[in-house]
Amino acid sequence: MPLALLALAVGAFGLGTTEFVMMGLLPDVADDLGISIPTAGHLVSAYALGVVIGAPLLAAVTARMSRRTVLIGLMGLFVAGNALSALAPGEHWLLAARFLSGLPHGAFFGVGAVVATGMVAPERKARSVSLMFLGLTLANIAGVPVATLMGQHLGWRATFLGVSAIGLAAIASLALLIPHDHAHAPRVGLRGEMAALRSLPVWLALGTTVAGFGALFAAYSYITPMLTDAAGYADSSVTLLLALFGVGATAGNLVGGRLADHSLRGTLFGGLTSLVVVLALFPVLMSTQWSAAVAVVLLGTAAFVTGSPLQLMVMEKASAAPSLASSANQAAFNLANAGGAWIGGLALAAGLGATSPALTGAALAVLGLGVAAVATVVDRRRAGVPSGRERVVATHLPEQVETVRY
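This report concerns the structure included in the present document. Each chain has its residues counted from 1, running along the sequence as written. For this predicted model, a pLDDT threshold of at least 70 governs which residues receive local features, and a threshold of 80 or more governs which side-chain atom pairs are given and counted, while totals over whole chains, interfaces and linings are taken from all residues. Excluded from the side-chain calculation are hydrogens and water; included are all heavy atoms of the structure.

What to know about the packing of helix H6 (residues 125–154) against helix H15 (residues 307–317)
- One way to put it is that H6 packs onto H15 with a least axis distance of 9 Å and a crossing angle of 120°. Overall, the two elements H6 and H15 adopt an arrangement that is oblique. Here H6 and H15 pass one another in a crossing that is right-handed. Residues Lys125, Ala126, Val129, Ser130 and Phe133 of H6 form the contact with H15, whose own contacting residues are Gly307, Ser308, Gln311 and Leu312. Axis definition: a line fitted to C-alpha atoms, limited for helices to the stretch in contact. Angles are taken between N-to-C directions and run from 0 to 180 degrees. The helix and strand labels rest on DSSP assignments: H or I over at least four residues marks a helix, E over at least two residues marks a strand, and numbering proceeds from the N terminus. Should an angle fall under 35 degrees it is called roughly parallel, over 145 degrees roughly antiparallel, and 65 to 115 degrees roughly perpendicular, with every other angle called oblique. The hand of a helix crossing depends on one turn: near helix anticlockwise from the far one by less than a right angle means left-handed, and clockwise means right-handed. By definition in these notes, contact holds between two residues if any of their heavy atoms fall within 4.5 Å.

Comments concerning the environment of Leu367
- For Leu367, the location among the structural elements is in helix H17 (residues 356–383).
- Each residue is placed in one exposure class: buried if its accessible area under a 1.4 Å probe, protein chains only, is under 20% of its type's maximum, exposed if it is over 50%, and partly exposed if it falls in between. Owing to a relative accessible area of 47%, Leu367 belongs among the partly exposed residues under this scheme.

Focus on the nonpolar core
- Counting 54 residues, the largest nonpolar core has Leu216, Ile223, Leu227, Leu275, Leu279, Phe282 and Met286 as its most contacted members.
- When residues of this core are assigned to their parent elements, the largest contribution, ten residues, is made by helix H9 (residues 200–220).
- Discounting residues that sit within four places of it in the chain, Leu275 has contacts with Gly212, Ala215, Leu216, Leu299, Ala302, Ala303 and Ala365.
- Definition of nonpolar core: a set of buried residues of the types Ala, Val, Leu, Ile, Met, Phe, Trp, Tyr and Cys, connected through side-chain atoms within 4.5 Å. Counting residues in each nonpolar core, the second largest holds 36 residues, with Leu58, Ala116, Val129 and Met315 among its members.

Side note on the environment of Ala302
- Along the chain, Ala302 falls in helix H14 (residues 289–304).
- Distance in space between the C-alpha atoms of Ala302 and Gly270 is 8.7 Å, their sequence separation being 32 residues.
- In this structure Ala302 touches Gly271, Ser274, Leu275 and Val278, once residues within four positions along its chain are discounted.

Written as structure tokens, this is what we have:
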């Protein structure tokens, strides 16, 4: 694997840290700015809104630029947003800075995935994407806990200055390691990139992302009350248990990338099926502390097995102009975050019990399986390939070989 993937992973580590650290800093920010915790929660939503808007917008307007330049520019915007967060004099300025910080998030992962797959052989594409995502999953193990501790001891502003430093390290890594000869996008332009979103297979792939990861966030958004109210853990133990989720997510991400290079759809269906089973068993697994800890690890593993396959599938369905579609998949991921949390919250509000969000997540995972099945049928009808087969299309040039996987 090219060393350049390390630069993408460093950027992903910074993005993952700043996205999730706000959850742990909400009490500190609320106290310092004199606002309520629910009001401070809008800072989480502001970042997510920035991701959803920025992912397709920035990918589209930079379609004709060098991808290496785009990645460096996106990290520069990320550094600026976090530095302004650290310097924000009040709530509204901090909301704007958090929105600015979220703008480059989806576009970085989208363009980065295109660059990562362009530097490896076709049979290693999913693995290259999983190595970039490794920075995101490691952020949940190390970045978020360390940044939270920094905020608690040095003040929340120090946390965002620290994240800005990670962004500067990512810029240096990108400039040093991303090669120029793999960095330029095809000259399809904005119109060509927009055409990718008119494809039914692309929308079906995006729909699978929303349903599949919505299943994760329906449960994960309420994992703390599950662990304390159902499993009987003390509040002080939750941070360690969330790190276990990061361990499971890292393992699932790496395994999913390796398996997807052998069977893209097989890995996707296997991951979603595993997610259904794990979430359906949550009421049982949350009955004891040891099984609850196992459930947290399994949840991260099952969910992130599907990360690389979904990203690669969207890129393959928009192969002529993958940057916009790839970035749109990151916007879909954040829509899943918001939508899954909302649906899980409805189950709690209805008085269905502490583990009820997991059961709603299982239903969403079943929906994801259904959308993925429809996508498979559509692809096979369009390609005219019998079930279980692969079609290899080769040109007269040995380096131009395309495999259509099912």
